[in-house]
Amino acid sequence: MIKRDTFYFALVVFLVVAPAAFMLALHYATHNPSYRPLGITLEKLLEAGQITDKTLIVTEVTFGPKAESNLSLDDYRTAFDKSFGIFNTETRVEFRNAKSGRDIIIRYKVGNSVIGPFPISRAAEGIRAAVEAERMVTKQRAILAQKEQSNEQEQGFWARILSE
């Protein structure tokens, strides 16, 4: 006969381990990172398409070796962050050095698209185009995710498990 203490200990261990084991089995069956116990990472959620990358726009600022500027790199970063913030989006600002020239050139990269180059005096002209391109890419990703989800739902649970 099992002692009462051993029974309670086994019951507590089961109650603690069972939910994690169930979620791990569900994760392996569906490949959904949301079901992964204690292991949800931003990269896995991005990979699964459950969240979108907020910094889809990359602003590339290229300085010529003879370029004159009264602003610091942080001032440029702040200006672009505020400009894109008006449109409720974010940008990642990268700085580069050119091999020749006097100009400061701005390029906006959204996915595989490059908008620009613009001289610094006309940098604002490309912001709206970059925001619209980002919205198009985001919408396209959402449509593809919906199609994939509907295909998975049509296949059924057992078909997905047995196909792998």
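Model, not experiment: these values are computed from the prediction. (Residues numbered from 1 in each chain as written. Predicted model: local features only at pLDDT ≥ 70, side-chain atom pairs only at ≥ 80, totals over all residues. Heavy atoms only, no water.)

**Q** Run through the overall build of the chain, naming residues and quoting values.
**A** The helix and strand tally for the chain stands at five helices and four strands. Reading the chain from its N terminus to its C terminus gives the helix and strand order α-α-β-α-β-β-β-α-α. Every one of the 164 residues in the chain was classed for burial, and the buried ones make up 21%. When the accessible surface of the chain is split by element, carbon and sulfur atoms take 56% of a total near 12,200 Å². (Helix = DSSP H or I, 4+ residues; strand = E, 2+ residues; numbered from the N terminus. Buried < 20%, exposed > 50% of the residue type's maximum accessible area, 1.4 Å probe, protein only. Areas by Shrake-Rupley, 256 points an atom, 1.4 Å probe, with all protein chains shown as cover.)

**Q** Tell me what's going on with the sheet that holds strand E4 (residues 113-119), and back it up with residues and numbers.
**A** Spatially, E2-E1-E3-E4 is the arrangement adopted by the four strands of the open sheet, whose pairing is mixed. Of all strands in the sheet, those with a lone pairing partner are strand E2 (91-97) and E4, marking the two edges. Adjacent strand axes in the sheet meet at a mean angle of 20° when their direction is disregarded. Of the strand pairs in this sheet, strand E1 (residues 57-63) and strand E3 (residues 104-110) are connected by seven bridges, and their pairing is antiparallel. Of the residues in E3, the one forming a bridge with Phe 63 is Ile 104. In this fold helix H3 (residues 73-85) packs onto E1, E2 and E3, with an angle of close to 145° to the strand it touches most, E2. (Pairing = 2+ DSSP bridges. Axes fitted to C-alpha atoms, helices over the stretch in contact; angles between N-to-C directions. Contact = heavy atoms within 4.5 Å.)

**Q** Talk me through the nonpolar core; I want residue IDs and the actual numbers.
**A** Within soluble globular proteins, side chains that are nonpolar tend to cluster in buried spots. Ranked by size, the top nonpolar core spans 19 residues in total, and within it Phe 80, Phe 84 and Tyr 108 carry the most contacts. Setting aside chain neighbours within four positions, we find Phe 80 in contact with Thr 59, Val 61, Thr 91, Val 93, Ile 106, Tyr 108 and Ala 123. (Core = buried A, V, L, I, M, F, W, Y, C linked by side-chain atoms within 4.5 Å.)

**Q** Go over the packing of aromatic side chains, please, and point to the residues and values.
**A** Inspection of every chain in the model, using the stated rule, returns six aromatic pairs. Following the ring pairs from residue to residue traces out a cluster consisting of Phe 80, Phe 84, Tyr 108 and Phe 118. (Phe/Tyr/Trp six-rings, centres within 6.5 Å; stacked < 30°, edge-to-face > 60°.)

**Q** I'd love a proper account of a nonpolar patch on the surface, names of residues and values included.
**A** Where nonpolar side chains cluster on the molecular surface, the patch consists of Phe 7, Tyr 8, Leu 11, Phe 14 and Leu 15 and spans about 550 Å² of accessible area. Considering the arrangement of structural elements, one finds Phe 14 in helix H1 (residues 4-30). Judged by relative accessible area, which is 53%, Phe 14 ranks as exposed. (Patch = residues over 30% accessible without salt bridge, like charges linked within 9 Å, V, L, I, M, F, W, Y side chains within 5 Å. Salt bridge = Lys/Arg side-chain N within 4 Å of Asp/Glu carboxyl O.)

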